[in-house]
Every structure is written in structure tokens, then in C-alpha cells.
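Architecture at a glance
Here's the letter readout for the chains.
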Amino acid sequence: MVTSSATTGTAQRLAAGLRLPIGIVAFLALSLAVLGIDQFVNALTLGAIYALVALGYTMVYGIIELINFAHGDVFMVGSFIALFISSSLLGNDGSITDLPLLAGSVLILFALTIGIMALVGALIERLAYRPLRRAPKLAPLITAIGVSFILQNIIQFFFGPTIVSVPQLVPIEWSIQVAGARVPLLNLFVIATSVLLMFALQLFISRTRTGRAMRTTSMDRDASSLMGVDINRTIMITFLIGSGLAGAAGVVHGLYYGNTTFSLGFQSGLKAFTAAVLGGIGNTAGAALGGFLIAFVEVGASAFGYGRWGGAIVFSLLVIFLVFRPTGLLGSHTGDRA
Amino acid sequence: MSRIGEAIGAPFAPVRTFFRRHRSLGIFVGVLLISIALPLITRVPPFDGIQSTNAWVNAFTTAAIYAMLAMGLNVVIGFAGLLDLGYAAFFALGGYTYAFVASPFTGVHLPFWPMLLAGGVVGAIFGVLLGAPTLRLRGDYLAIVTLGFGEIVPITLMNADKFTDGVNGIGGIDKPNIPGILQFTLTNPWPMYGLVIMLFALIMIMIYRLEDSRLGRTWDAIREDELAAESSGVNTVIAKLQAFAVGASIAGIVGVVNAAKITIVTPDQFRFAVSISALAAVVLGGMGNTIGVATGAFIIYLFQSILLKQLNTLVENFNIPVLNQIDFLEFQYVLYGIVLVLMMLKRPQGIFPAHRRMREFGPLKSAKRGSK
Amino acid sequence: MSAAKGKPMLKARGVTRKFGGLVAVSNVDFEIPRGSISAIIGPNGAGKTTFFNVIAGIYAPTSGTIELDGKPLISPPTGAGREPILLLVPTIPFIGLAIYFLIAIGGDTGLVEGVASVSVALLGFVCALLLNIVRPAWYNRVIKRIGVTRPARPNDMVEAGLARTFQNIRLYKSLTTLENILIGMHVHMRSTFLGALFKSRQVREEEAAAEQRARELLAFVDLSGMENELAKNLPYGKQRLLEIARALASRPKLLLLDEPAAGMNPKETEEMTALIRRIRDELGITILLIEHDMRVVMGISDHITVLDHGEKIAEGLPKAIRTNPKVIEAYLGRGAAAGH
Ligand SMILES: Nc1ncnc2c1ncn2[C@@H]1O[C@H](COP(=O)(O)OP(=O)(O)OP(=O)(O)O)[C@@H](O)[C@H]1O
Ligand SMILES: [Mg+2]
């Protein structure tokens, strides 16, 4: 409105824009110094997984303002689907050293799991959430909790309540030397896959028609409906993508840790949600950032011998952020309109 | 207002009018009658064949404990409309409080009765501690924070083993006694049954009074439209905090009773599943309807602990090969999930809808004209 | 009523409210004379409702202050960064107490002592939290010393004597008419938590009196006989009346009405106009309204303020406003957006 403030405004915005990248670089440098390269790579890897899961939370929340409690369990189911495909369909029980065979198996594993989980996610949306779109706010939240519980117990029924081992297709011995430390190729593979998927998602959201529809729907559902956006389809696609990413995270988790359990989704879900809040819920780049942050906090905690308290620390972070900065690091949220 | 009258099934008009006017008395008499009737029913077939009367009474006691939990949670969810997913944490805190001051673990042995109140106070303190910073947040954020809290408390109890003996929990907790008159024992379930029934009636009376008070109306307003409530002069944060504290203190009190009943507390007793089972009871019985919720809790508890158990023995007896492998008790957890999803989709007002909830979920007959 | 005739009922100074880059209200100075009916008009999106929301405590102003009946109540929040101190400082004595306790028993932190001292510290923290939420007057004064100010919340404004209705009616839809009004009376009821639990006589009497007054209010807005009707089942015009009655229930000094006659037919509009007059004349309540219907505005307002693009472009008597070229331009410049 007033021209004189425009220049200072730009300067301020530039400063604010730079603050974040500088902060991230500083944080990474500090972490590297404190944790050492081994733990640093571990944290990055864990962060990649959290980020993938957090994306699903943040996308769904962005578009229908629902905390999809079942999302963590979709991730968990994904890890079991991957286990099933890998060991029962492909008949693996350990690492594959033949490179073409490995690439083929991993590719099939990803494609199938992502596909199946995308369908599962969309199915959940169709059956459990869509009928409640106009219901009081509490209803879909309660349903989501119910779905989460059902998923957990179905898996527990079929695979038992204990930790199950998953074939680690990528040999753990493969590694490269970085600054005198041995960095397993597996970690790099996990990080690369996640980053690739996140970039693909960003491209999809910013470049495609559907992606733009998702953005407008999350800003103002009624308005974009008037503009001719098919709301049901858009929400469905959001669930497809979010769950697909969770499926990918499931695959990655299995490959990296070599095990999974039915309660995986509950714990990691809470952490991934924290990641989404940390980054600014509704903001996809923020979710990725949050995922890495959480991982660093957790790995840092175990490095200093407080591993058992990792969950508690992450949770405290969630509360602190919700209370003092509910918009997260990147996100912005408009209040209730009177 | 005639809910109570109907619920105790008083068929005669004068009786009904009387209890409508003296509701608290009505609740008391109703609960008493039911608590006498239940053990009697278990003496007739087919119930007498399932388990001994003592075992039945024990089961009813546990069911009533569970029902009190559900009623407390209903204050938070049904009245104030706040989704609390970590309710079991307050239950745990009540239990551990009593375990601390009445067990060989610490060597302290305080009497049971004042600790009943202390459990409530501890519950309320932690309710405020969790609620105060978070109740300003949107409702769904509260849900996730409580979920986390419900997860953290058992973890802390497990890991702080110096104070809690970790996974083993604290055992040998003192049973209540009335000095010189009555000593509660593990073998005789009746005194505990009586205690729990009394407490049940008391809590129900209190909750009904709160519901009808200025505070209860405030909760209605917040649930309906929080911004409008603020603009009507309601301090919504305080009102929500009160709901939270009431719910938490009921859980705390019940935690004390539960600890005294089973004489041991372990972190495992207070997992997420407990919160979910209470939530399922609330949703099944009908959010906002205290009697409905208590009934819902009874139904769920008896279903899982009697019916599913019976199914197990039945399958075993008939030696059906495939089904033999299945432990039907495990289905209780799926059951909670299914109750939550199905009820929300098909009958969100619950099987015994509260009058107000019926209006909320019912078809919207609003006569809105384009306002702008 | 005429004691403080000279002082304005509401005084807004330099009120600005931004939403991101959008300046919804821009540096507005504004006064409402005691006992008047004032109006704010302006094209769609001019910032009228936003200005209301700032006055009512719903949106904190980006800058500017608001006084109600001589009391400064609203100004931009400051010192938010210092809030954590507010929680920690009151806790320190309790932590001190806990430490003292530990030392007193000889530094031998046995199990029970450890738990007990942690509990004491925790209790202190809970007290600090509660203080921070309940915020009694003395607490507000103390935190002002260290530079923390927070604007009054909507409920504080109601307590100070302001009531409002909403542009898009916000009733408690599934509650009855009577219950809606009883909730409006909330600020003047004194029954406590324990009072409710033990159903003391004072509580019962207060409830009865409140119900009595609620019925009177319903009669005042001509809704008698609809006590047990659900709010959402009322026809639109009656919902507006109920919302006004609910606002009146808090015995306001100043009543804010956001487009009270929107969507009404001529007859209903006329009744609404009469009601607004009665509220001022019979109840002595100062009124500020937003309205697009020029017949209503010109008919009842003593004083009109015009907003456009968030800025005050004119104010004065209805006659002067009608012929003010700036106002005409603001409306006609927008073409069809002008009158409805
Ligand atoms: N919560 C909010 N977040 C972002 N922008 C907002 C918000 N509330 C209002 N605005 C914007 O502020 C501007 C002023 O809106 P306001 O509702 O105050 O206008 P108004 O004068 O009441 O219009 P009308 O006559 O249509 O009611 C509009 O551009 C609106 O989009
Ligand atoms: Mg407006």
C-alpha cells in the first residue's frame, strides 16, 4: 500500500528467505561435527524415511484438514506388503549380489508395494473418510483412529505380535569410503530414493494440472469446486500419492533395518506427524525438512545415551512447537474466519 | 430430563415424576437395583454354567471400573467435544500414585480412603499440566498431543525403573479396609463390588449435575461453535481445562480403585488399547449420554471378556481344527476399531443417543436463506 | 445513563490489521458517542467485518489501540518471546522448596523423597500454567512490567460490556432457543464448580432467575413461545432475532451488529429497524452496526463511518454522507458491487 515500505519489505523478505537455508547448513555442519560421519549418515537415512511418511500426513491435512491417524499404519502395512512380496513372491531370503537381478527385484518391489499401498490408501479414503466429509469434526478423527487400530490388528493377526525379519536385498557390505569412514551403499540408496521421490512429488504438485488442483483445493475447497475442480477426485489422488509414498517408505524401512513389526506405524507415525508439524503442516517441503530434523534429534539422543527417551524427546518437541509455533518452520495457516 | 426415569424403567407415572424431581436419588436407587439384580441373574442358566458367582461378581466389578473410565472420558469427548486419546495415562497415574503410598515397594502404607481423593487430585494436576498449554490449539492437534502423552506415560513408567521398578511394575499393593469392620481380600469379591458400585453411582450423579450446570452449558456451546462461545463471554480455555481436569481426575480415582483391586500396577496395563477401549465405549454408548456410555462400556467389556472367552472354550471343546488355532480374545482389539469406524459411519449418535447429540447428527432442517 | 455523557463509548486509535500482505483495516480512527446508533458502511471487502473482529477481540490488531468505556483493552501483543519466562519464574520458588526439602532430609534422595520433591516442583509448574491462563488483574499488571501485553480476548471484551452478532449467523444450532440465551448470560452468572456439584441453593436460585430473564429477553425480541425450539429449526429472520437476544443476554453497553438486516424482506427489515431503535431507547445500549441496506442505515443512524479498502474515507451525519463525493465514488467506482 505504501511505496516506501516496499523496498525494506523486499530486503526483509530476502533476509527471511536466507535465514532458513543458512540455518539448515549450520545445523547440518553442527550435527556432522557432533555426531561424526557414521551417525550423521544414519540420521540422514532415518530422516529420509520419516520425511516420506510425513509427506502423507501433511498432504492429507493440507487438503481436508484431517489428521490421518491411520497413515502411520499404512506405512507399517507397506513394510509388511514389501516383506510378503520380497520373500514369498520373489523368494528372497537375503541379499542379492548380482547387480541386474538386484535392480530388477528392487524395482518390482517398489512398483508393487507403492501400487498396492496407493490403492489401500484410496480405499480407506473412499470407505471411511469420504462419507464423513460434512460430518462434525470429531467423526473422521475417530474413524481414523478406528482404521489405524484395525490395520494394526489385522497385521498382528497374520504376522504375529513379534518383530519379523525382512530380507535386506542390498548387501550391507557394499560401501564407499568417505573421509576415512565407511558409508554403506544401502544408506546412500535409501537417501537417494527418498530424495528422488520427494523431488518427483514437488514437480508433480507444481507442474501438473492435478497438482495445481490439489493446491487450490487445499486453499479453498468451495472456490476451487466452483472453478471446476473435481474435489472428490483430487482428494482421492492425494490419498493415492500419500499412501504410495508411505508404501515406498515401508519398502525402504524393510531394506534398511531388515525387520518390521505391527506396532511400527504407531511409533513412527507419531514421529512423522511431529515432523509434519515441525515443518509446517500442509507444507510438503516443510514435511521433508521436519523429517530430517526429527531424525537428527533422535539419533543425537541415542548418541548421547538417551536412546530410550528418544520418543519422549520427540514428543516434547511436538508439544513445544504446537504451543509456541503452531505454523511450524515453513508453514502458514489462516485462522478461523468470523 | 426423563432419561433417568426411563432408564431405570419405572413404569408408574408417580414414581417417574418423583425420580425426575429427585434425580440423584433416582440414579442411586437405579444403580443399587441393577447391582443387586446382576449377581442374581448369574445364578440362573445359562449364566451359572459359565463361571462361578464370585467370578461373575469380579467381572462386574471390572466392568463397572471400565464403565467409570468411559463416563469420565465422556465428559471430555461427549460434553466438551475434545478428543482425548491418551486417557489411559491418567488412569495409570492414579494407579501408580496409590501404588507408591501403599505398597512394600516404597514401604509407605497410607490408608486407602484419602488416597481415593489424592488419585483424583493427581489426575487433575496432570490434566492441567497437559491441557493448559495445548487446549488453545485446534481440536485435532489436541488429539495427537494426548495420543503422544498416552504413549509417553507408560514409556516413562517403564524406563524410570528406579522409581517404578520398570516392566515388573509395583506389586503387593494394599487392599482397602474399614478399620475394625471389614478387610478387603482377594478371595472375596463382594466388598470391592460394593465399593465400586457406590463410587459408580456417586460419579454418575456428579456428572449429571455438572452437565446441567452453567459449566455443562458452556461445554455445549464450545462443542457447537467455539468462536461464538467466546463471543458470548465464555472463557473457552478455562472451560475446556475444567472438562479435561474432571475427566482426568475421574480416571485418577478409578486408577486408585483399580490398583487396589488387582494389587499390582505395571506399565503394560495402561497401553494405548485401554484409551481406545474407553473411546469405543463412549462412541458405542452415544457421546454425551452418561448412562448410554456406561451401558456401552458394560456391553463391550462383557462381550470381550465373556463371549470371546466362551468362544475360545467352545472351539476347544468341539475341537474344530482350523478355529482351534485362533485366540478369539485377540479379536477384542479389532473389535474396538470396528466399533469406532462402523458407529461413526452408520450411527454417529451411538446406540443410546444423548438428546443433544441426536440433534447434532440428525438431518439438518435449517431454514437458511442466502445471507449475502 | 447520562453521567458520563461526554466520553465516547468506544475509541479506536490508528487501528490496522493485516493478513499477510493484505491490509484489511488501515489506520482507522474511530469514536462511538455514548447512546448513539452508529453505522459503518462500505463496499464488499472494505474491511468492515475485520474491524468488528478487532474491536471484539477476535483478531489482534497489527497496530492501534481500542478503549471501551474509557478502559484501554486492546493493543497489539508484545513480548511474546518472553512468555516462557512467565512459566518458569513462578516455578522457581517451588523448585527451591523441593531442593530445600531434599537438603533438609540430609541429601539422601531415597525413592519417596525423590518423588515427593519432583511432585512439589511439578505443582509449582501447574500453578504457573494456571495463572498464565486465568490471568487475574494483578497478574496482568505484573507481566505488563516486564513488557508482555496481550490484547483482550473476546470473552474479556464481553465482560467489559461488548456484545456482538455475526454476519453469517453463529447460533448454537442444536441447542434450544432458551439454552442459546442462557449461554449468553454466562458472564453474569456466579455459580461455581463445587456449587454445581453440590447443587447449592444459590445455584438453584440463580438458574431459576436466569431462566426467567431469558424468557423476558425472548419476549423482547418477539420470540415468546419458541423457548424449546432448536435454533437451527427457526426460520432465518428469527435466527437473526435470537442472535441479537443472545447478545443482549450479556447486558452489554455496546452492541455490535454485523448486517442485521441482510437477506430480509422489507417487512422483516422494518421490524429489525424498530428493534434496533428499541434496544437503544429502552435498554440504553449504544449500537454500532454494519449494513448494506441504505434505507436502514440512513433511517436509524446518528452517525456514519465509511470504509473503503480498509481506510476510513468519510464520516459524519447521514445527510452529509449521502452527498459526499468520495463515498459516491467508492460505491459507484465498483459498479455492480455497490448496493444490496
Ligand atoms: N481471516 C482472514 N484471513 C485472510 N484474509 C481475510 C480474513 N478475514 C478477512 N480477510 C480479507 O480482508 C478483507 C476485508 O474483509 P471483510 O470481511 O472485513 O470485508 P467486509 O467489509 O466485511 O465485506 P462484506 O461487506 O463483504 O462483508 C477481504 O479482502 C478479506 O478477504
Ligand atoms: Mg462483512
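Thresholds, definitions, all that
- Residues numbered from 1 in each chain as written.
- Chains lettered and ligands numbered in written order.
- Predicted model: local features only at pLDDT ≥ 70, side-chain atom pairs only at ≥ 80, totals over all residues.
- Heavy atoms only, no water.
- Helix = DSSP H or I, 4+ residues; strand = E, 2+ residues; numbered from the N terminus.
- Buried < 20%, exposed > 50% of the residue type's maximum accessible area, 1.4 Å probe, protein only.
- Contact = heavy atoms within 4.5 Å.
- Areas by Shrake-Rupley, 256 points an atom, 1.4 Å probe, with all protein chains shown as cover.
- Lys, Arg positive; Asp, Glu negative; His and termini not counted.
- Charge placed at Lys NZ, Arg CZ, Asp CG, Glu CD.
- Rg over C-alpha atoms; globule rule 2.2 N^0.38 Å.
- Buried area = accessible area lost by both parts, 1.4 Å probe.
- Salt bridge = Lys/Arg side-chain N within 4 Å of Asp/Glu carboxyl O.
- Polar contact = N/O pair within 3.5 Å; in protein donor to acceptor, adjacent residues only side chain to side chain.
- Near = heavy atom within 4 Å.
- Nonpolar A, V, L, I, M, F, W, Y, C, P; charged D, E, K, R; others polar.
- Phe/Tyr/Trp six-rings, centres within 6.5 Å; stacked < 30°, edge-to-face > 60°.
- Lys NZ or Arg CZ within 6 Å of the ring centre and 35° of its normal.
- pLDDT = per-residue confidence, 0-100.
- Core = buried A, V, L, I, M, F, W, Y, C linked by side-chain atoms within 4.5 Å.
- Domains from an automatic or database assignment.
- Axes fitted to C-alpha atoms, helices over the stretch in contact; angles between N-to-C directions.
- Parallel < 35°, antiparallel > 145°, perpendicular 65-115°, else oblique.
- Left-handed = near helix turned anticlockwise from the far one by under 90°.
- Pairing = 2+ DSSP bridges.
- Donors = N, O, S within 2.8 Å, 3.2 Å for Na, K, Ca; no water.

**Examining the overall build of chain C**
Secondary structure assignment for chain C yields 14 helices and ten strands. Principal axes of the C-alpha set define a box for chain C whose edges measure 85 × 50 × 40 Å. In chain C, which comprises 340 residues, the share counted as buried stands at 54%. Contacts spanning at least 24 positions in sequence make up 69% of the contacts within chain C whose residues lie at least 6 apart. Accessible surface computed for chain C: about 15,200 Å², of which carbon and sulfur atoms make up 59%. Within chain C, the 33 negative side-chain charges are centred at a point lying 4 Å from the centre of the 41 positive side-chain charges.

**Things to note about the overall build of chain A**
When its secondary structure is counted, chain A shows eleven helices and four strands. Here the C-alpha radius of gyration of chain A, 20 Å, is about what a compact globule of 338 residues would show, namely 20 Å. The principal-axis extent of the C-alpha atoms belonging to chain A is close to 65 × 50 × 40 Å. For chain A, the proportion of its 338 residues judged to be buried stands at 53%. When contacts within chain A are restricted to residue pairs at least 6 apart in sequence, long-range pairs at least 24 apart make up 77% of them. Here chain A displays about 15,100 Å² of accessible surface, and carbon together with sulfur accounts for 66% of that area. Mean positive and mean negative side-chain charge positions of chain A (18 and 12 charges, respectively) differ by 11 Å.

**Notes on the interface of chain B and chain C**
When the parts of a complex come together, some accessible area is lost, and that lost area is often taken as the interface size. Taken together, the contacts link 51 residues of chain B with 54 residues of chain C. Between chain B and chain C, the buried area comes to about 5,000 Å², and carbon and sulfur atoms account for 62% of it. One salt bridge connects B:R217 with C:E207, and the closest N-O pair in it is separated by 3.2 Å. Counting across the interface, chain B meets chain C through 14 residue pairs in polar contact (both at pLDDT 80 or more). Breaking the side of chain B that touches chain C down by element, the ones donating at least two residues are α7 (112-134), α9 (161-164), α10 (190-212), α11 (214-224), α12 (226-231), α13 (236-262) and α18 (355-361) of chain B.

**Comments concerning the site of ligand 1**
Taken together, 16 residues form the shell around ligand 1, and within it C:G45, C:K48, C:T49, C:T50 and C:Q167 come nearest. One chain alone does not account for the residues near ligand 1; they come from chains A, B and C. Within the contact set of ligand 1, an oxygen atom lies 2.6 Å away from a side-chain nitrogen or oxygen of C:T49. A distance of 3.0 Å is found between a nitrogen atom of ligand 1 and a side-chain nitrogen or oxygen belonging to C:Y59. The fraction of the free accessible surface of ligand 1 (630 Å²) that becomes covered by protein chains is 80%. Of all elements in the fold, only β2 (22-32) and α1 (48-55) of chain C reach the threshold of two or more residues within the shell around ligand 1. If you tally residues by element for the shell around ligand 1, the top one is α1(C), at three residues. Here the residues of the shell around ligand 1 are counted per class, giving five nonpolar, seven polar and four charged.

**Brief notes about the packing of aromatic side chains**
Counted under the stated rule, the structure contains 28 aromatic pairs over all chains. A ring pair is formed by B:F90 and B:F244, whose centres lie 6.2 Å apart and whose planes are at 85°; its orientation type is edge-to-face. Of this pair, B:F90 sits in helix α6 (residues 87-101) while B:F244 sits in helix α13, and the two are 154 residues apart along the sequence. Here B:F90 falls in the buried class, since its relative accessible area comes to 1%. Aromatic ring contacts, followed pair by pair, group A:F149, A:F266, B:F272, B:Y333 and B:Y336 into a single cluster. When the ring centre of C:Y59 is taken as origin, the NZ or CZ atom of C:R17, which lies over that ring, is 5.1 Å away. One Lys or Arg, C:R170, reaches over the ring of C:F166 and ends 5.6 Å from the middle of that ring.

**Things to note about the confidence of the model for chain A**
If pLDDT is low for a region, its predicted coordinates should not be looked at in detail. Residues of chain A with pLDDT of at least 70 account for 93%, and the chain-wide mean is 84. Across residues 1-6 of chain A the pLDDT falls below 50, and counting only partners more than four positions away or on other chains, this stretch makes two contacts in the model.

**Section: the environment of B:L241**
You can see B:L241 is positioned in helix α13. A sequence separation of 164 residues divides B:L241 from B:I77, and the C-alpha atoms of the two residues are 13 Å apart. Among all residues touching B:L241, those that are not within four sequence positions of it are B:V128, B:G131, B:A132, B:L135, C:L130 and C:I133.

**Quick notes on the interface of chain A and chain B**
Listed per partner, the contact involves 39 residues of chain A and 42 residues of chain B. Here chain A meets chain B over a buried area of about 3,700 Å², counting both sides, of which 80% is carbon and sulfur. Three residues, A:I142, A:F149 and A:F266, lead the burial of chain A against chain B; their summed loss comes to 17% of the area buried on that side. Scanning the region where chain A abuts chain B turns up one salt bridge. A salt bridge links A:K137 to B:D140, with the shortest nitrogen-to-oxygen separation between them at 3.8 Å. Linking chain A with chain B are two residue pairs in polar contact (both at pLDDT 80 or more), by the criterion used here.

**Quick notes on the nonpolar core**
In this structure, A:F69, B:F90, B:Y98, B:I144, B:L279 and C:F51 are the most contacted members of the largest nonpolar core, which totals 267 residues. If near-sequence neighbours (up to four positions away) are discounted, C:F51 is found in contact with C:A12, C:V15, C:V25, C:V28, C:F30, C:I40 and C:L307. Counting residues in each nonpolar core, the second largest holds 52 residues, with C:L223, C:A247, C:A249 and C:I279 among its members.

**Focus: the domain arrangement of chain C**
In terms of domain boundaries, chain C breaks down into domain 1 (80-145) and domain 2 (173-250). Computed over C-alpha atoms only, the centres of domain 1 of chain C and domain 2 of chain C are separated by 41 Å.

**A short note on the packing of helix α14 (residues 272-285) of chain B against helix α15 (residues 290-318) of chain B**
All names here are of chain B. Where α14 contacts α15, the two axes come as close as 7 Å, and the packing angle between them is 120°. Taken as axis vectors, α14 and α15 run oblique relative to one another. When the axes of α14 and α15 are compared, the crossing they make is right-handed. Along the contact surface, α14 presents A280, A281, V282, L284 and G285, while α15 presents G292, V293, G296, A297, I299 and I300. Along the lines of polarity and charge, the residues of the contact of α14 with α15 split into eight nonpolar, three polar and no charged.

**Describing the sheet that holds strand β6 (residues 162-164) of chain C**
Residues and elements named next belong to chain C. Pairing in this open sheet of six strands is mixed, and the strands run β6-β7-β8-β3-β9-β10 from one edge to the other. Edge positions in the open sheet fall to β6 and β10 (311-316), since each of these has one partner strand only. Direction aside, neighbouring strands of the sheet carry axes that sit 20° apart on average. Here strand β3 (residues 37-41) runs beside strand β8 (residues 286-290); their pairing, made up of four bridges, is parallel. When the sheet's bridge partners are listed, I40 is paired in β8 with I290. Along the sheet, helix α14 (residues 325-332) makes contact with β3, β9 (303-308) and β10, crossing β10 at roughly 130°.

**Focus: the coordination of the magnesium ion (ligand 2)**
A four-donor tetrahedral metal ideally has 109.5 degree angles, and a six-donor octahedral metal ideally has angles of 90 or 180 degrees. Distances from the magnesium ion (ligand 2) to its protein donors, C:T49 (OG1) and C:Q167 (OE1), fall at 1.9 to 2.2 Å. Taken together, the residues C:T49 in helix α1 and C:Q167 in the loop between β6 and α7 (177-184) connect sequence positions 118 residues apart.

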